[in-house]
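So you can see what is in the structure, the chains are spelled out below.
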Amino acid sequence: MKRFILTIAATLFFGLSFAQNAKLPENITIKTLDGKTVETSVINNDGKPIIVSFWATWCKPCNRELNAIKEVYEEWQEETGVKLVAISIDDARSASKVKPHVDGNGWEYEVYLDQNQDFKRAMNVVNVPHTFLINGKGEIVWQHTSYVDGSEEELFELVKKIANGEEI
Amino acid sequence: MNRRSRTIFTASLLLGLQSITIGSLNAQGILGGSVTGNVQFDGQLSRRDSVIGSSDVPEKLLSNARADILYTNGNFSAGLRYEAYLNPMLGFNSQYTGQGIANYFVSYKTQTFAVTAGHFYEQFGNGMTLRAYEDRYLGLDNAIRGLNVMYRPTNGITLKALAGQQRYYWDTRGLVRGLDAEFSLNDIVKPWNESKTRLTLGGSFVSKYEDDETIPADISGFKLNLPKNVGAASVRMDLAHGGFGLQAEYAHKGQDPTVMNDFIYKNGEALWVSASYSQKGLSANIQAKRVDNMGFKSVRSVTGEMLYINYTPAITKQHTYAFLSMYPYATQSTGEMGLQADFMYKFKKETLLGGKYGTDLHFNASLITGLDTTRIGGKGTDGYSSSFFGTGDTYYGDLSLEIAKKINSKVKLTATYGYVLFNPIVEGHQGEMHHNHVAIADLTWKINRKNVLRFEAEWMGSDSKYDPNVDDKRAGDWIMGLVEYNFTSAWFVSISDQYAYNDGIGNYYNISVGYTHNATRLQIGYGKQREGIICIGGVCRQVPASNGLTFSLTTSF
């Protein structure tokens, strides 16, 4: 039995490396900061690229990333039309602090709460920060875990490519 | 067929199936849909060290591994998770030892209807009556295996119903049934659709069933008359108006004699209130809570962290700097009162205190105490009575002030002062209250686009002294230094040391190297590590105590 399971796992694992880009799930339930229940299909940017960033109020690298992008967000939007959607995985301990945290930092992102972590599981997020890049067709074309000062510039290079319809 | 040839046969069959699946996946054929997943492997080669408390590990190598595979096709999804603990890492319960499929489910979900059969995670409101969740790094998983249904009869009304058993390591135990309803009034009442004020109300009812058993009463020859069904109910609200927010939940639990409350028959209750105001660059949040005999487990005789049906969150701030989080606070579900305040302010650019780039200020304070109780009796009685507003012993308190400032285009500095009060009774020990002062400087120097250096210096002054009888290895005065070098977001090296320079014991040195490519991350470390949240190399995660070589691989696909 053990061997059988391992075989399945290995087969799936190696087989999957050929799989094509998955789409952003549309039917996962998340909440807006004022308590409205919505589905992930609200994450939309009219055919322009989207950055989906999983974060938490207590995660220092996440905060550094979102603060760094804040400084250049307007330029990014003007140049590529990109939109950043920040998904907070804060649980009951800190979920009610998310809105004050977002406003206090002056972030102008679209922010949602994923308190039950359904979206986090559907996207296979293990650690935060975890950032996804979605192209105009709603396909996940790139993902990255971790943030180091300056890596937002690498991210923007990719956003520009996608906005121009290039492959990455 | 013998075993080996059967395995080979299965493998080739699966490979064949796989190529068909992937072939048609690309072509979006009948088998369409997508397969995603994640894999995690953590291992440690431990050395014994009585000073830091890592015990002798006869098997030398300890490892935790898991793989999640998720199949999604439109509204349909299915998943399974393989876990292996050979043997479990330090800090994980030895009952995890083993391997196998720990979680599987199939689910169908549309905007108005959802059904999941198998293992699922769920939360009603803030979780005060029910929260099935997992934290892989803490070895915590109370997933429910059963049936979970969600229905939205009309826009603004969400109904949920579930029943199942809870995961207990490699087994499932107990029986939990739950109902939840949530009403978003703005969506239900037409004229309020566009109102700036949003009001959401909700309520839930959860019950557990457990067969009778013999628990002797204090009077010899008598046994306790145990309730087979125990119910808990809650009501909640969420009010938002522009920058104002008010959230509250009240939960009540019926007679629930368990080993945790020493088999008393007092009802349980919990109240939580959060109020906040925020505008761009300024925010304030105050939370208060009272928890009284609200531990709710699906099996009455089990201690430990598993089989909790509900969750009463700690409202204290989740600190991530080593010395500020040295004494983390966990809710005392038997009873506590708490207050927490958070304040954030941004001094604008080009002002006196803001300077060229602006300055961020973050303040928090919290105080948690026990309840003011009067003893009534022991086992089989109500146990105690408590006054609603009365407070008992101080359990925990903290205060922190953090100032973050960009010095120039390359250098950022965060300076923090913190004060922590900690009563050892919270961890079940007797002893004096600890008073700790903490000071932290965290400096990031972006040398150029690809090279970033980070320095962290921490100091903790404490009135506690190391006592071999208590063996609290966090006691005493400590200093810490950390240097982290990042080459783009791909590579990092970090070196750190925590040293007890007065009244304490221990020297925790650690060197870590990591490589990240897209969603794959490999990290290798050597040294001594306390358990806790560690944020290095650009991610935050909980780590177990270790001494020796550790390695960790995570990937998502």
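**Student:** Explanation requested: the packing of helix 2 (residues 60–80) of chain A against helix 5 (residues 151–163) of chain A in the structure shown.
**Tutor:** Residue and element names in this part refer to chain A. Across the interface, helix 2 lies against helix 5 with an axial gap of 11 Å and an inter-helix angle of 25 degrees. Of the possible angle classes, the one that applies to helix 2 and helix 5 is roughly parallel. The handedness of the crossing between helix 2 and helix 5 is right-handed. On the side of helix 2, the interface is formed by Glu 65, Ala 68, Ile 69, Trp 76 and Thr 80, while helix 5 contributes Glu 152, Phe 156, Val 159, Lys 160 and Ala 163. Partitioned by chemical class, the residues of the contact of helix 2 with helix 5 number 6 nonpolar, 1 polar and 3 charged.

**Student:** Looking at this model, I keep getting lost on the pairing of strand 16 (residues 268–279) of chain B. Mind explaining?
**Tutor:** Here is the key point about a regular strand: its side chains alternate between the two faces of the sheet. All names here are of chain B. Relative to strand 16, strand 15 (residues 244–253) runs antiparallel, the two being bridged by 10 bridges. Paired with Glu 249 across the two strands is Trp 272, which belongs to strand 16. In this structure, strand 16 lies alongside strand 17 (residues 282–292), joined through 11 bridges in antiparallel fashion. When the bridges of strand 17 are listed, Ser 278 appears paired with Ser 283.

**Student:** For this particular structure, what's the right way to read the interface of chain B and chain A?
**Tutor:** It is common to give the size of an interface as the accessible area that goes away when the parts come together. Each partner contributes to the interface: chain B provides 81 residues, whereas chain A provides 61 residues. It is helix 1 (residues 3–27) of chain B that contributes the most residues to the side of chain B that touches chain A, 9 residues altogether.

**Student:** Explanation requested: unusual backbone geometry in the structure shown.
**Tutor:** Leave glycine aside and you will find that most residues have negative phi; peptide bonds, for their part, are mostly trans. For the bond running from Val 128 of chain A to Pro 129 of chain A, omega is 0 degrees, close enough to zero to count as cis. As for its position among the elements, Pro 129 of chain A is in the loop between helix 4 (118–122) and strand 6 (130–134). With an omega dihedral of -15 degrees, the bond running from Leu 86 of chain B to Asn 87 of chain B counts as a cis peptide bond. Along the polypeptide, Asn 87 of chain B turns up in the loop between strand 3 (76–85) and strand 4 (98–109). Of note in the backbone geometry, Asp 262 of chain B takes a positive phi value of approximately 60 degrees without being a glycine. Note on placement: Asp 262 of chain B falls in the loop between strand 15 and strand 16. We note that Phe 263 of chain B has phi near 55 degrees; this positive angle belongs to a residue other than glycine. If you trace the backbone, Phe 263 of chain B turns up in the loop between strand 15 and strand 16.

What counts and what doesn't
Residues numbered from 1 in each chain as written. Chains lettered and ligands numbered in written order. Predicted model: local features only at pLDDT ≥ 70, side-chain atom pairs only at ≥ 80, totals over all residues. Axes fitted to C-alpha atoms, helices over the stretch in contact; angles between N-to-C directions. Helix = DSSP H or I, 4+ residues; strand = E, 2+ residues; numbered from the N terminus. Parallel < 35°, antiparallel > 145°, perpendicular 65-115°, else oblique. Left-handed = near helix turned anticlockwise from the far one by under 90°. Contact = placed C-beta atoms within 7 Å. Nonpolar A, V, L, I, M, F, W, Y, C, P; charged D, E, K, R; others polar. Pairing = 2+ DSSP bridges.

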